[in-house]
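Next come the chains, spelled out residue by residue.
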Amino acid sequence: MLVPNPDETTLERLFRVDDIRVGSTSRKSIPLLVDLLKPIPERPGAPFLALGLLTQLAVDCVPNMLLMAEVGILEALTKYLSLSPQDATEEATTELLGILFSCAEIRQHESALGTVNQLVAVLRLGGRNSRYSAAKALESLFCADHVRNSESARQAIQPLVEVLSTGMEREQHAAISALVRLLCDNPSRALAVADVEMNAVDVLCRILSSDCSAELKGDAAELCGVLFANTRIRSTMAAARCVEPLVGLLVSEANPAQLSVVRALDKLLDDEQLAELVAAHGAVVPLVGLLFGKNFMLHEAVARALVKIGKDRPACKLEMVKAGVIESILDILHDAPDFLCTALAEMLRILTNNASIAKGPSAAKVVQPLFSLLSKADTGPEGQYSTLQVLVNILEHPECRADYNLTPRQTIEPVITLLNSSPPAVQQLAAELLSHLLLEEHLQKDTVAEQSIPALIQILSSGLPNLQQRAIKALANLALAWPNTIAKEGGVFELSKVLLQSDPPLPHVVWESAAAVLSSILQYSTEFFLEVPVAVLVQLLRSGTESTVVGALNALLVLESDDSTSAEAMAESGAVEALLDLLRSHQCEEAAARLIEALLNNIRIREAKAAKNAIAPLSMYLLDPQTQSQQGRLLAALALGDLFQNEGLARSTDAVAACRALVNLLEDQPTEEMKVVAICALQNLVMYSRANKRAVAESGGVQVLLDLISSSNPDTSVQAAMFVKLLFNNHTIQEYATSETVRVITASIEKDIWASGSANEEYLKALNALLSNFPRLRVTEPATICIPHLVTSLKTGSEATQEAALDSLYLLRQAWTACPAEVFKAQSVAASEAIPLLQYLIQSGPPRFQEKAELLLQCLPGTLTVTIKRGNNLRQSVGNASAFCKLTLGNNPARLTKIVSTGESPEWDEAFAWAFDSPPKGQKLHISCKNNSKFGKKSFGKVTIQIDRVVMLGSVAGEYTLLPESKSGPNRNLEIEFQWSNK
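Every chain is numbered independently, its residues counted from 1 as its sequence is written. A pLDDT threshold of at least 70 governs which residues receive local features in this predicted model, and a stricter bar of 80 or more applies before side-chain atom pairs are shown or counted, although totals over entire chains, interfaces and linings include all residues. Calculated side-chain values reflect all of the structure's heavy atoms, with hydrogen atoms and water omitted.

The name an unreviewed UniProt entry assigns to the protein is C2 domain-containing protein, from the organism Aegilops tauschii subsp. strangulata.

Here's what the structure looks like:
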């Protein structure tokens, strides 16, 4: 039987031969065949014939396809489709277009875009087979960006969805593939799918729930994954209805759709409500069950989905662990590529964020494999980050660290590598992990740990706060073992910068850690004291850790001792305020008080505002019953004394409180040294301010001082006396000046004389202050009692003591004119014991003593003693004279010497005494020398002597010529001695 159309049959069979199909003959025929596509009435069957032959030539032959495009096949096919050919021709046309668009170069052809509209028309109006071919052609065509992003491509969405909804399974495959290709990189365009009359998500849900093939369900799941990338589609009820069938597909064994299903679920898990729904439908266990074998792409998708389910859902995490997820991960991890290691590490991170999981037995198994993962060169930053976080989550628990026996080379070395070269986020976690590892003593002391120090110091200089904080924590754990290395690597400088930074400030805990590191360096060697800026050392004083404060205090004390100018820098940095805070909190009291005393001893610092602000806190420290440090109290009192050397500070309002505090200190049975210091401070206070005097008195200071004057310690007693002198040098507190004060001072003078033979001048000056400013005290019994001691002081004391004693006696003498007679008599009699001393001072004492000595001497009762020694030249012409003398003084009865008959020079050597309540002024002594012999003259002469001079001189002796003078021969005279004394 003959074959119909033998020419067509011949060509068809020739083109089945590959050599002919790809040869030159075929290429020559292509233009002719393309031309046959033109619909000409005279050849109605030509287009269909040409389509068949061109299809045969195009299959798997790119050169033929390119030649067809060059000769205008795309335009011809497009035009032919526009004529609405019969179904068979339409199907052949769309099938050929699909073959042509499998070539990337043809997809870029200028005419390719023009075919989209005709293919869309076929989808809408063509036959079933044609629609399938058109969908496949569009799938290939949408590989071209310019076509996929065109408005024409958008017009394909609705008909494709209609095909998806109404077509057979083959057509649905094609429609889904086209839609996936169209929408995969543009989630916003997916909204068009949701807006079409028949919602594609509902259609997909129906497919997923149907009995169709697993392949179609896989395709549907893949399109779901594309659509669910859009937030609005994800939030629809249709999307929620997809959850159950998608989860159901997970349990099918060896289902090729599993990857697509997991990816679709992964997109749904971005919505919190849907994530809850996925978890509620039991997705956790099936997902965990997929983690086996070598399907790494599936494993990555599963890991990412489980991460989202487990986030903030502790129950889901525990379910995963119970399902064996950690063991599954460990089975995969060894051979996993980098991208999968990253996903698995992230999953472990989410799991171990739960403390109970991190401390559990399953998590314990991952530590060593993860340290090995860190050592792999191909682990990327994301994988490093997640891996480090897992290790941090586990090893931050002490009980977990105790479970491992990892060597420093296994643990610390890979972390050091990450410190040196990784992104900041990875460096931060590496430093944090290192800080946890270094809590173990055996790791701290290993030289491998020491090798991490340069990298940590380098991180400190980065200026990135989070990085710096982690590095500080790690250094804090190294500081005890390697302080010298930290310092030598520049740690002092970098730590100082970090401690001083204020924008942003370090969290308090981190700041304390940095301060502790620096403190360890300072305690290791004093050579680093000078390297730390003063401002930093002052900052360390505010630490809540005692060892840090102690280290800073020691350094500051050494600096202040070696360089006095550093004190001002300390004060400018706030050292005074910081030290006061330490005293308030009773922390490192002795050292803090020692340093603040040293600072306030600086005259420039005393002029600063901080000095004034220090008065009240120091006073409160002394008054605080919790203050137990005796040395601290001593130094605080000394600091107040330093402050009040400044007159302005002594006059400040806070000075009154300081007075009360110092008096309270004296009442509290302090040490002798503390008493002296407190008294000296009070002296500075009262020197400039009347208010301070009253504050001292009202707080019981006067009685305290009297007790101190009576102290057995001479230094304390003398200082108290000096304070009394200042306290009573005016009338501010006159009501507190009592005879008791005089009595106590008198007792101290007496005690001092008994102990050393002389009284300290300060007691006498204190007494002078009282007697000078408060005359009423001069006539008191204690004032009278003190006079003998004043006399003794005149006799045995130094020149200053003598002057003070003389001043006191002189002040007492001023009251005698107006005081009661019995007081005058008692005091003057007691003071008369000083007559010889006063006479001596007038004659031989300092010139400044003379006036007061003379005035005092003129008021004292005494005794005038006249001694008639002998007579000279008492001759008479006949026999020997029997001479005697008659002495007349004022209204007193005359006194007679004995009669001596021994020639012209009789010797009487006889004394006569007259007592006076006060020295005789202007009185004269009349002496006549007479002869008791029966023969010769009855009188040898008379002499009148002014006796005032003897009061001042004490003793006067000489020869006094008897008048009238002898007219022949030597004059007659008497040798007489005068003495004024208290006897």
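Undergrad: Which parts of the structure should I look at to understand the overall build of the protein?
TA: Broken down by element type, the protein carries 63 helices and 8 strands. To get the radius of gyration, use the C-alpha atoms; to get the globule rule, take the number of residues to the power 0.38 and multiply by 2.2 Å. What you see for the protein is a C-alpha radius of gyration of 61 Å, clearly larger than the 30 Å of a compact globule of 983 residues, by over 25%. Dimensions of the protein, computed from the C-alpha atoms along their principal axes, are close to 230 × 55 × 50 Å. Within the protein, contacts between residues at least 6 apart in sequence are counted, and of these 70% link residues at least 24 apart. Each accessible area value is a Shrake-Rupley result obtained with a 1.4 Å probe; residue values ignore everything except the protein chains displayed when judging cover. Carbon and sulfur atoms provide 51% of the accessible area of the protein, an area that totals close to 42500 Å². In the protein, 85 positive and 109 negative side-chain charges are present, and the distance between their average locations comes to 14 Å. To qualify as a helix, a DSSP run of H or I must reach at least 4 residues; to qualify as a strand, a run of E must reach at least 2; elements of each kind are numbered from the N terminus. In what follows, residue pairs with any heavy atoms lying within 4.5 Å of each other are defined as contacts. The convention is simple: Lys and Arg are positive, Asp and Glu are negative, and His and the chain ends are not counted. We put the charge of a Lys on NZ, of an Arg on CZ, of an Asp on CG and of a Glu on CD.

Undergrad: Just to check I follow, could you spell out the UniProt feature "repeat: ARM" (unreviewed entry) in the protein for this structure?
TA: The UniProt record marks residues 451-479 with the feature "repeat: ARM" (unreviewed entry), using the residue numbering of this structure. Across residues 451-479 one finds 76% helix and 0% strand; the C-alpha atoms that close the span lie 13 Å apart. UniProt positions are given in the numbering used here, feature names are shortened, and annotations may be inferred rather than shown by experiment.

Undergrad: Whenever I open this one, the sheet that holds strand β7 (residues 955-961) confuses me. Can you help?
TA: By definition, the strands of a sheet pair up through backbone hydrogen bonds, in either a parallel or an antiparallel sense. The pairing criterion for strands is at least two bridges between them, as found by DSSP. The 4 strands are arranged β4-β1-β8-β7 in an open sheet whose pairing can be described as antiparallel. Two strands close off the open sheet at either side, each with one partner strand: β4 (907-916) and β7. Across this sheet, the average inter-strand angle for adjacent strands is 20°, counted without regard to direction. Pairing of strand β1 (residues 862-872) with strand β8 (residues 973-981), which is carried by 9 bridges, proceeds in the antiparallel orientation. Its bridge partner lying in β8, Ile-868 is registered against Ile-976. Only the contacting stretch of a helix is used when fitting its axis, a line to C-alpha atoms as for every element, and angles between N-to-C directions run 0 to 180 degrees.

Undergrad: I'm lost on helix α13 (residues 157-166) in this one. Help?
TA: The periodicity of an α-helix, 3.6 residues per turn, causes residues three or four places apart in sequence to face the same way. For α13, a buried count of 7 out of 10 residues is recorded, marking the element as mostly surrounded by other parts of the structure. Here the term buried applies to any residue with accessible area under 20% of the maximum for its type, exposed to any over 50%, and partly exposed to those in between, with areas from a 1.4 Å probe on protein chains only. By the burial criterion, the buried members of α13 are Ile-157, Pro-159, Leu-160, Val-161, Val-163, Leu-164 and Ser-165.

Undergrad: Looking at this model, I keep getting lost on the sheet that holds strand β2 (residues 883-889). Mind explaining?
TA: Across the sheet, which stays open at both edges, the 4 strands sit in the order β3-β2-β5-β6 with antiparallel pairing between neighbours. Since the sheet does not close on itself, it has two edges, and those belong to β3 (895-896) and β6 (939-946), each with one partner. Where β2 lies against β3, 2 bridges are found, and the strand directions are antiparallel. Across the sheet, Lys-886 pairs through a bridge with Leu-896, a residue of β3.

Undergrad: Help me understand the packing of aromatic side chains, please; the structure alone is not making it clear to me.
TA: Centre distance and the angle of the planes are the two values used to describe a pair of aromatic rings. Classification of ring pairs uses Phe, Tyr and Trp, with its six-membered ring standing for Trp, and accepts pairs whose centres are within 6.5 Å; under 30 degrees between planes counts as stacked, over 60 as edge-to-face, and the remaining range as tilted. Scanning the model with the defined rule gives 4 aromatic pairs in all. Look at Trp-816 and Phe-824: their rings are 5.7 Å apart centre to centre, the planes differ by 70°, and that puts the pair in the edge-to-face class. Since its relative accessible area comes to 27%, Phe-824 is described here as partly exposed. Ring centres of Phe-916 and Trp-980 lie 5.8 Å apart, and the angle between their planes is 45°; on these two criteria the pair is classed as tilted. Of the two residues, Phe-916 sits in strand β4 while Trp-980 sits in strand β8, which places them 64 residues apart along the sequence. Among the residues examined, Trp-980 registers a relative accessible area of 1% and is labelled buried. Two conditions define a charge located above a ring, namely a distance within 6 Å from the ring centre to NZ of Lys or CZ of Arg, and an angle within 35 degrees of the ring normal. Here the guanidinium or amino end of Arg-170 rests over the ring plane of Tyr-132, the centre of that ring lying 3.7 Å away.

Undergrad: Would you mind going over the environment of Arg-234 with me for this structure?
TA: Inspection of the secondary structure puts Arg-234 in helix α18 (residues 231-234). Overall, the relative accessible area of 8% leaves Arg-234 in the buried class. Measuring from C-alpha to C-alpha, the distance between Arg-234 and Lys-267 comes to 8.1 Å, with 33 residues separating the pair along the chain. For Arg-234, the residues in contact, after removing those within four places along its chain, are Phe-228, Ala-229, Ala-239, Lys-267, Leu-268, Asp-270, Asp-271 and Leu-274.

Undergrad: Mind showing me how you'd approach the side chain of Gln-468 here?
TA: Note on placement: Gln-468 falls in helix α38 (residues 465-478). If we ignore the near neighbours within four places in the chain, the residues touching Gln-468 are Ile-459, Leu-460, Ser-462, Gly-463, Val-498 and Gln-501.

Undergrad: Can you walk me through the pattern of salt bridges in this structure?
TA: A side chain with one charge can pair with a side chain of the opposite charge if their charged atoms come near. Salt bridges are counted wherever a side-chain nitrogen of Lys or Arg sits within 4 Å of a carboxyl oxygen of Asp or Glu. Applying the stated criterion across every chain, the model contains 38 salt bridges. Ionic pairing is found between Arg-128 and Glu-171, a salt bridge with its closest N-O pair at 3.4 Å. Here Arg-128 is found in helix α10 (residues 128-141), whereas its partner Glu-171 is found in helix α14 (residues 169-183), with 43 residues between them in sequence. The class of Arg-128 is partly exposed, set by a relative accessible area of 40%. Judged by relative accessible area, Glu-171 falls into the buried class, the value being 2%. A salt bridge links Glu-975 to Arg-870; the shortest N-O distance between them is 3.9 Å. Taken together, the positions of Glu-975 in strand β8 and Arg-870 in strand β1 put the pair 105 residues apart, joining distant regions of the chain.

Undergrad: Teacher, can you tell me more about the confidence of the model for the protein here?
TA: For residues with low pLDDT, the predicted coordinates do not support detailed interpretation. Per-residue confidence from the predictor is reported as pLDDT, a score between 0 and 100. Taken over all residues, the pLDDT of the protein has a mean of 86, while the share at 70 or more is 94%. By mean pLDDT, helix α15 (residues 190-195) is the weakest element of the protein at 56, and β2 is the strongest at 93.

Undergrad: Is there a simple way to think about helix α57 (residues 761-773) in this case?
TA: To estimate the expected span of a helix, subtract one from its residue number and multiply by 1.5 Å. The terminal C-alpha atoms of α57, which comprises 13 residues, lie 18 Å apart, in line with the 18 Å expected from a rise of 1.5 Å per residue. Counting buried positions along α57 gives 10 out of 13 residues, so the element sits mostly inside the fold. Glu-762, Tyr-763, Leu-764, Ala-766, Leu-767, Asn-768, Ala-769, Leu-770, Leu-771 and Asn-773 are the residues of α57 that are buried. As used in this structure description, the phrase polar contact means that two N or O atoms lie within 3.5 Å; if the pair is within protein, one of them must be able to donate a hydrogen and the other to accept it, and residues adjacent in sequence are counted only when both atoms belong to side chains. Between a side-chain oxygen at the N-terminus of α57 and the backbone nitrogen of Glu-762 the separation is 2.8 Å; the capping residue is Asn-760.

Undergrad: Help me out: how do you make sense of the environment of Ile-332 in this one?
TA: Position of Ile-332 among the secondary structure elements: in helix α26 (residues 325-333). With 171 residues separating them in the primary sequence, Ile-332 and Asp-503 have C-alpha atoms 46 Å apart. Excluding its chain neighbours within four sequence positions, the residues that come into contact with Ile-332 are Leu-291, Phe-292, Phe-296, His-299, Leu-340 and Leu-344.

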